[in-house]
Amino acid sequence: MTKTACLFFIVSLLTGGFAEMNVSRVILACSLLVGASWGSKTGQPPKTSCRPGFSQNFYTVIVSGDVLHGQSILKVKFENCQRSREVGFISSHPNFSVRPDGTVYTQQEVANLSEPVQFMVTARGLHDPHIWETTVKLALVGHLHSLPLTKMGIEEMLSRVWDSQPKVIRFSRRHQRGSSANGLRRQKRDWVIPPINVPENSRGPFPHMLVRIRSDQDKDPGIRYSITGAGADQPPSGIYNIDPISGNMFVTQPLDREERASYHLRAHAVDMNGNQVENPIDLYIYVIDMNDNRPEFQNQVYNGSVAEGSKPGSSVMQVTASDSDDSTTANGMVRYRILSQTPHSPIPNMFTINSETGDIVTVAAGLDREKVSQYTLIVQATDMEGNLNFGLSNTATALISITDINDNPPEFTVRTFSGEVPENKVNVVVANLTVVDRDQPHSPNWNAVYRIVNGDPSGHFTIRTNPITNEGMLTVIKPVDFEMNRAFMLTVVVSNQAHLASGIQSSLQSTAGVTISVQDVNEPPVFPVNPKIIRFEEGVPAGTTLTVFAAQDPDHFIHQIVRYAKLSDPANWLRINRTNGQITTMALLDRESMYVRNNMYEATFLAYDNGSPQASGTGTLQIYLIDVNDNAPVLVPREAQVCERTRPNSRINITASDADTDPNVGPFVFELPSFPPSVRRNWTISRLSGDYAQLKLRISYLEAGMYEIPIIVSDSGNPPLSNRSVIRVKVCPCDHNGDCSATGAVAAAGLGTGAIIAILICIIILLSMVLLFVVWMKRREKERQAKPLLIDPEDDVRDNILKYDEEGGGEEDQDYDLSQLQQPESLDHIINKTTGVRRVDERPVIAESQYPVRPSVPHPGDIGDFINDGLRAADNDPTAPPYDSLLVFDYEGSGSTAGSVSSLNSTSSGDQDYDYLNDWGPRFKKLADLYGGGDDD
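Basis of the calculations
- Residues numbered from 1 in each chain as written.
- Predicted model: local features only at pLDDT ≥ 70, side-chain atom pairs only at ≥ 80, totals over all residues.
- Heavy atoms only, no water.
- Disulfide = S-S within 2.5 Å.
- Helix = DSSP H or I, 4+ residues; strand = E, 2+ residues; numbered from the N terminus.
- Buried < 20%, exposed > 50% of the residue type's maximum accessible area, 1.4 Å probe, protein only.
- Pairing = 2+ DSSP bridges.
- Axes fitted to C-alpha atoms, helices over the stretch in contact; angles between N-to-C directions.
- Salt bridge = Lys/Arg side-chain N within 4 Å of Asp/Glu carboxyl O.
- Phe/Tyr/Trp six-rings, centres within 6.5 Å; stacked < 30°, edge-to-face > 60°.

**With respect to the state of the cysteines**
Here is step 1 of the chain: Within this structure, the stated rule accounts for two disulfides.
Here is step 2 of the chain: Across the disulfide from Cys643 sits Cys734; the S-S distance is 1.8 Å. On the sign convention where negative is left-handed, the bridge of Cys643 and Cys734, at about -105° about the S-S bond, is left-handed. Highlighted residues: Cys643 in strand 44 (residues 639-643) and Cys734 in the loop between strand 50 (722-732) and helix 5 (742-748), separated in sequence by 91 residues.
Here is step 3 of the chain: Note on cysteine connectivity: Cys732 is disulfide-linked to Cys740, with sulfurs 1.5 Å apart.

Below, the structure written as structure tokens:
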């Protein structure tokens, strides 16, 4: 039954149009429908998680006056998330009860009711303390005749039932009935106070009176009223207050349902002494929602996608908006619609949106990414169930990307490609195959895959895809031969990595032909057998022809001459004929040569043609040398030792080594020669195995010493070869373990007592010489310390030219006392100076040494003696400058008291004869050369 039908039935009922119908059932059905209609607006939206409780906060029921006792009125629905939870229902009105399934029924006839009734149904868990409550409102049909019989009148009638609330709330009376023997009294159940509805965002004036609280004993002037709870004396406090004398309760400010949707207060009545006069009553205040919040999208821009070519009805994306208003009313019920679509291709309305869920789907075919890759939709969300006149709206943008499918096969740009390649070249790109594909670049729908389907049975070519340009690079992977194939005709097919979409056929332009021309190049000569192996016995004489190692020129269409040369011949045994490639020997072939490995000798030869450019190839000749018995065996070991007395372990194991191979090696034959006869008299050889024998003493004692024993060793070749080898045997005294002792080892080395004494005397003499040399060196060092200036005149530094880098300033540059630089007239200040304190640049006060007086005219023969005497005197003169000190010279400046040395001049006039310098000895030879013999210069 629809809401309109229900209204029609109510109108007909009130006008008497359905007198014979079961009026109570019609009214009950309509009331349930109206409650369901209003409840559909106030019902809870679908939730992802289950929350136990009643499905509605309020149930409104309109009943007729003929509802009988025990008749069902309505059924409250309780969501029990835990099936194991057992819930019981209790009605707060004595005339109504609730069955376990939630059905509300009457306990007396409703006709006895004189005004609308409101009571609460409580759900309580039987095994837990949780409590849930809902409100049921009843109204009789007879109370509705005062309203006009119009649609607006009936809705006003229903709204009166919804908004009806008492203006005065009285405390419940305490009824007492007869007492029993035990003095217990029965108290009548209290009336349930209906909730108080307060609209949010009220403009006032404030404070605004809501209800008046009264007590039956309010005649007593000493009664005081108060309220407690959140909103009164608890946070948020101060929203509600009450006049303690009159009991008028006020709201003091506008309410916001989005901050708090309900309040639970308790009203109290006490006397002047604070004693409770009435039981506290519960006051429930519900904030009525107003449409004061716009819908808000979770995102301002939504991104979605749909494949091109999708069928109508394909899901694209979902947009979601939320409204802070009450979602159980029209204020919070959001509806969606598409305002615009950009671009309008192929039609303006390619998409639609579910007005309730916000799901966007396609409504038309023709989505093509190659034409339109993205659509932009402006989506509007409006509350009040989408009513544009009264609802509030908001918008968001939906970007829909059209994803690519492989609906465009790749196509070659031309039907035939061509290229050329030199023969014998690999990894060469012959041709670039170009294609076009309108699908998404660099995706599997666009990436090209090339295949050669015909024309290359030997697999000379492959096609690699350029990942950037998507071109096919035809590449040679196996050398081609101009003499065998001068050209190739290939058939190539191109496809994508991804399969074509359903219903899409391959294009004829996905197949192309490729013509490849092979270029002839000068190829090097090739040895037919490489390496070539031949077998010869070693010892082949020089000049022997071994083989003909000839090469062939693969260029059959060009006549060219091939020449040969030797490239590698480690032992220099071979030569090759440069014309025909004949190999001959230059020396004796020896298998035991260091250049032979595993009986194989290897040489490399070069073959080259006369083409342009010249080409050459190499060939390897391997000669397997067969062994002949050309090496005699050699005894091993060459040295040994035994005890001088015969012992069980005084034996020497001997063998032989042979450079040859089987059968020209062992078993070996070991024997002692007949000369000298002492060998066989003192020693004997016994055979151990084919390659080993044992040498031991024949006599019981042999004097210690070194013995050289010749042994003849023969191999098993044909004919056999023999070798006379010598083994040095050390015979020595042995200890109890059979090892040579130290004394015995010396004696065995061949050194007698005399030789040992001679060695010791030489060592003593050598040590004595070293000791004498050390003593002489120390004595000489002491002499040097005693006479430090007695040195060779050649080493005297005073005979050399000394170079001074800088003299510094003079008298004017430093504050010096120039008198200190002059010879003092008196020596008193020096003599009286404290002992041990003396300037190092002062002249010592000691009697001056007597220097020799040079004659006025020096005799050439006396000049040398004069200099030597002067040196000896100076060495022994402690007063001679520089007094063992370092003199510092500084800048003299101008105006020095010292005279200028420029005034010095030779007193002689004219040329001077310096020839007498030649008679002064070798020391003056340089001066004589510089100044003497002027005419010769």
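Having seen it, we continue.
**Overview of the pairing of strand 28 (residues 416-422)**
Here is step 1 of the chain: Of the two faces of strand 28, only the one carrying Phe417, Gly419 and Val421 is buried; Thr416, Ser418, Glu420 and Pro422 on the other face are not.
Here is step 2 of the chain: The sheet contact formed by strand 28 and strand 35 (residues 511-519) spans seven bridges and is parallel. The partner of Pro422 across the bridge, within strand 35, is Gln519.

**Concerning the sheet that holds strand 36 (residues 532-537)**
Here is step 1 of the chain: Reading across the sheet, the four strands line up as 36-42-41-38 and stay open at both edges, with mixed pairing between neighbours. Edge positions in the sheet fall to strand 36 and strand 38 (562-568), since each has one partner strand and no second. Pairs of neighbouring strands in the sheet enclose a mean axial angle of 30°, with direction left out of account.
Here is step 2 of the chain: Note: strand 41 (residues 600-609) against strand 42 (residues 616-626), nine bridges, orientation antiparallel. Paired with Tyr608 across the strands is Ser616, a residue of strand 42.

**Some details on the pattern of salt bridges**
Here is step 1 of the chain: Counted by the stated rule, this structure contains 11 salt bridges.
Here is step 2 of the chain: Across the pair Asp627 and Arg591 runs a salt bridge, and its minimum N-O distance is 3.2 Å. Of this pair, Asp627 sits in the loop between strand 42 and strand 43 (634-636) while Arg591 sits in the loop between strand 40 (582-585) and strand 41, placing them 36 residues apart in sequence. A single burial state applies to Asp627 and to Arg591, both of which are buried.

**Brief notes about the packing of aromatic side chains**
Here is step 1 of the chain: One pass over the structure, following the stated rule, counts 18 aromatic pairs.
Here is step 2 of the chain: Residues Phe527 and Tyr564 carry aromatic rings whose centres are separated by 6.5 Å and whose planes lie at 50° to one another, so their mutual orientation is tilted. Separated by 37 residues along the polypeptide, Phe527 in the loop between strand 35 and strand 36 and Tyr564 in strand 38 bring together distant segments of the chain. There is no split in this pair, since Phe527 and Tyr564 are both buried.
Here is step 3 of the chain: Members of the aromatic cluster, connected to one another through ring pairs, are Phe54, Phe78, Phe89 and Trp132.

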